[in-house]
Amino acid sequence: MPWENNGGGGGRNNNGGPWGQAPGGGGGPRRPGGGNTPNLEDILNRGRDQFKGGLPGGRWALVGGVLAIVAFWALNSIYTVDPQEVGVELRFGAPKPELSMPGLHFLLWPIETVEKVAVTENQTQIGVATSSSGNSRSEGLMLSGDQNIVNVQFSVLWAVNDAVAYLFNVRDQEAMVRYAAESAMREVVGRRPAQDIYSDDRQGIAAEVFAITQGILESYGLGVQISQLLIENAGPPTEVIDAFNEVQRARQDETRLQEEARSYANTLLGDARGRAAALREDAAAYTNRVVQEATGEAQRFNAIYAEYVNAPQVTRKRLFLETMEEVLGGSEKVLIENGAGGQGVIPYLPLPELRPGATTSTTGN
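Residues numbered from 1 in each chain as written. Predicted model: local features only at pLDDT ≥ 70, side-chain atom pairs only at ≥ 80, totals over all residues. Heavy atoms only, no water.

### Re the overall build of the chain
Inference 1: Counting its secondary structure elements, the chain contains nine helices and 11 strands.
Inference 2: A buried classification covers 19% of the 365 residues belonging to the chain.
Inference 3: Here the contacts in the chain between residues at least 6 apart in sequence split such that 64% fall between residues at least 24 apart.
Inference 4: For the chain, the exposed surface amounts to about 26600 Å²; the carbon and sulfur share of it is 56%. (Helix = DSSP H or I, 4+ residues; strand = E, 2+ residues; numbered from the N terminus. Buried < 20%, exposed > 50% of the residue type's maximum accessible area, 1.4 Å probe, protein only. Contact = heavy atoms within 4.5 Å. Areas by Shrake-Rupley, 256 points an atom, 1.4 Å probe, with all protein chains shown as cover.)

Here it is as structure tokens:
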């Protein structure tokens, strides 16, 4: 055995133990410089004597260690909550019902700990091209209700309204907001034609996606409230953008030509309506004039008839003379009474001069 060889002498020590001393022997403690190793009792006695006598600075070192431990505990027990945060204190890992408002707070560490949650408004953008596994993709590529592929880029503005639920109900909160909004947008876009997403009803789509997303997050108990959902851009994929622009230009030309045709038709219709109104006015005036003339003639006839009843001979003579005057008033005939020129005399009348505007011509024999 190793302890059988003492001092390298090769002989066995008389009644020697492992430390070169007989158990309970009277050899006494080993003196410094001797060849024997100290026993356990000597070591304990020596340490006790040293503590009784005191070590230089030993008490101050102990006090300093205690103060260091207290300072470390205080640093972990006192915490500050920023103005844009709330604190959730945990006791043995279970959250307390009350929240820590902004300011200085104290807890019993390590029995209690704190988790801080920012309550400021967050923005999650969806539809921006990203890279996954080295392949470029876009979260915004969706299939519309009329079987067109559209690229929708939108953002969700949200804030925490229940810090405890936000910390303990879902692990990756921002990813949950992203997945819920993307799922809701795909659902709504899948029911609508592409033109609604491009320009016709963006506001209606955003409102519908907002309601669906908030319902999903509430069903999971995420503890967040969406404040706004904005559709920033919506269009066809990059690969077909040129063809889409051609289609849009063709639709714009179609709309422009239809507007021009409607304008021309309205012009013609207005003119036709104006002429029709003028004709109706002329017809009404002509009707009124004819009626008035007929009424006047009837009244004149009644007046003449009344005179005829009173003096038929005179009235008949007057009517005859007025009628002959009216008939022969514009005639070029000349009436000569019988015997006006005497027997065998042919009267000479300058008939050409009697005609208005007539000229005479003289011819030689």
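Structure shown, so let's carry the discussion forward.
### Describing helix H6 (residues 202-220)
In an α-helix there are 3.6 residues to a turn, and that puts residues three or four apart on one side.
Inference 1: For H6, with 19 residues, the first-to-last C-alpha span of 27 Å sits near the 27 Å given by 1.5 Å per residue.
Inference 2: Buried within H6 are the following residues: Ile205, Ala206, Val209, Thr213, Gln214 and Leu217. Angular distribution of buried residues about the axis of H6 spans 160 degrees; they occupy a single face of the element. Of the exposed residues in H6, the ones pointing more than 90 degrees away from its buried face are Glu218 and Ser219. (Expected span 1.5 Å × (residues − 1). Arc of directions from axis to C-beta.)

### A short note on the confidence of the model for the chain
Low-pLDDT portions of the prediction should not be read for the details of their coordinates.
Inference 1: Averaged over the chain, the pLDDT score is 75; the fraction of residues at 70 or greater is 72%.
Inference 2: For the chain, per-element mean pLDDT is lowest for strand S8 (residues 135-137), which scores 43, and highest for H6, which scores 90.
Inference 3: The low-confidence segment residues 1-35, where pLDDT is below 50, has 26 contacts with residues more than four positions distant or belonging to other chains.
Inference 4: Here residues 360-365 scores under 50 on pLDDT; set against residues more than four positions off or in separate chains, the count is two contacts. (pLDDT = per-residue confidence, 0-100.)

### With respect to the packing of aromatic side chains
Inference 1: Scanning the entire structure with this criterion turns up one aromatic pair.
Inference 2: On the numbers, 6.4 Å between centres and 35 degrees between planes, the contact of Trp158 with Tyr166 is tilted. (Phe/Tyr/Trp six-rings, centres within 6.5 Å; stacked < 30°, edge-to-face > 60°.)

### Examining the sheet that holds strand S5 (residues 112-118)
Inference 1: Taken in spatial order, the three strands of this open sheet run S3-S2-S5, and their pairing is antiparallel. Lying at the two open borders of the sheet, with one neighbouring strand each, are strand S3 (94-100) and S5. Here the strands of the sheet are splayed against their neighbours by 30 degrees on average, with no regard to which way each runs.
Inference 2: Pairing geometry for strand S2 (residues 85-91) and S3, over four bridges, is antiparallel. Within S3, the position partnered with Leu90 by the bridge is Pro95. (Pairing = 2+ DSSP bridges. Axes fitted to C-alpha atoms, helices over the stretch in contact; angles between N-to-C directions.)

### With respect to the packing of helix H7 (residues 241-310) against helix H8 (residues 312-328)
Inference 1: Taken N-terminus to C-terminus, the directions of H7 and H8 make an angle of 135 degrees; their axes are 6 Å apart at the nearest point. The angle between H7 and H8 places the two elements in the oblique class. Touching Ile304, Glu307, Tyr308, Val309 and Asn310 of H7 are Pro312, Thr315, Arg316 and Leu319, all from H8.
Inference 2: Per-class residue counts for the contact of H7 with H8 are five nonpolar, two polar and two charged. (Parallel < 35°, antiparallel > 145°, perpendicular 65-115°, else oblique. Nonpolar A, V, L, I, M, F, W, Y, C, P; charged D, E, K, R; others polar.)

### Thoughts on a nonpolar patch on the surface
Inference 1: A cluster of nonpolar residues, Trp73, Ile78, Phe92, Leu104, Phe106, Leu108 and Ile111, forms a patch on the protein surface that exposes about 740 Å² of accessible area.
Inference 2: Looking at the secondary structure, you find Phe92 in the loop between S2 and S3. (Patch = residues over 30% accessible without salt bridge, like charges linked within 9 Å, V, L, I, M, F, W, Y side chains within 5 Å. Salt bridge = Lys/Arg side-chain N within 4 Å of Asp/Glu carboxyl O.)

### Brief notes about the environment of Leu99
Inference 1: Mapped onto the elements of the fold, Leu99 is located in strand S3.
Inference 2: Exposure remark for Leu99: the relative accessible area of 36% places this residue in the partly exposed category.
Inference 3: Placed 13 residues apart in sequence, Leu99 and Val86 show a C-alpha to C-alpha distance of 6.6 Å.
Inference 4: Once you skip the residues sitting within four places of it in the chain, Leu99 turns out to touch Gly87, Val88, Ala163 and Val164.

### Focus: the nonpolar core
Inference 1: If you look at the biggest cluster of nonpolar residues, it comprises 37 residues, and the most contacted ones within it are Phe154, Val156 and Met185.
Inference 2: Looking at this core, the elements with two or more residues in it are S2, strand S10 (149-160), helix H3 (163-168), helix H4 (173-189), helix H5 (194-200), H6 and strand S11 (224-235).
Inference 3: For this core, the element with the highest residue contribution is H4, accounting for eight residues.
Inference 4: Apart from residues lying up to four places away in sequence, Phe154 is in contact with Thr124, Gln125, Ile126, Met142, Ala181, Glu182, Met185, Leu229, Leu230, Ile231 and Glu232. (Core = buried A, V, L, I, M, F, W, Y, C linked by side-chain atoms within 4.5 Å.)

### A closer look at H4
Inference 1: For H4, spanning 17 residues, the distance from its first C-alpha to its last is 24 Å, which sits close to the expected 24 Å at 1.5 Å a residue.
Inference 2: Among all positions in H4, only Gln173, Ala175, Met176, Val177, Ala180, Ala181, Glu182, Ala184, Met185, Val188 and Val189 are buried.

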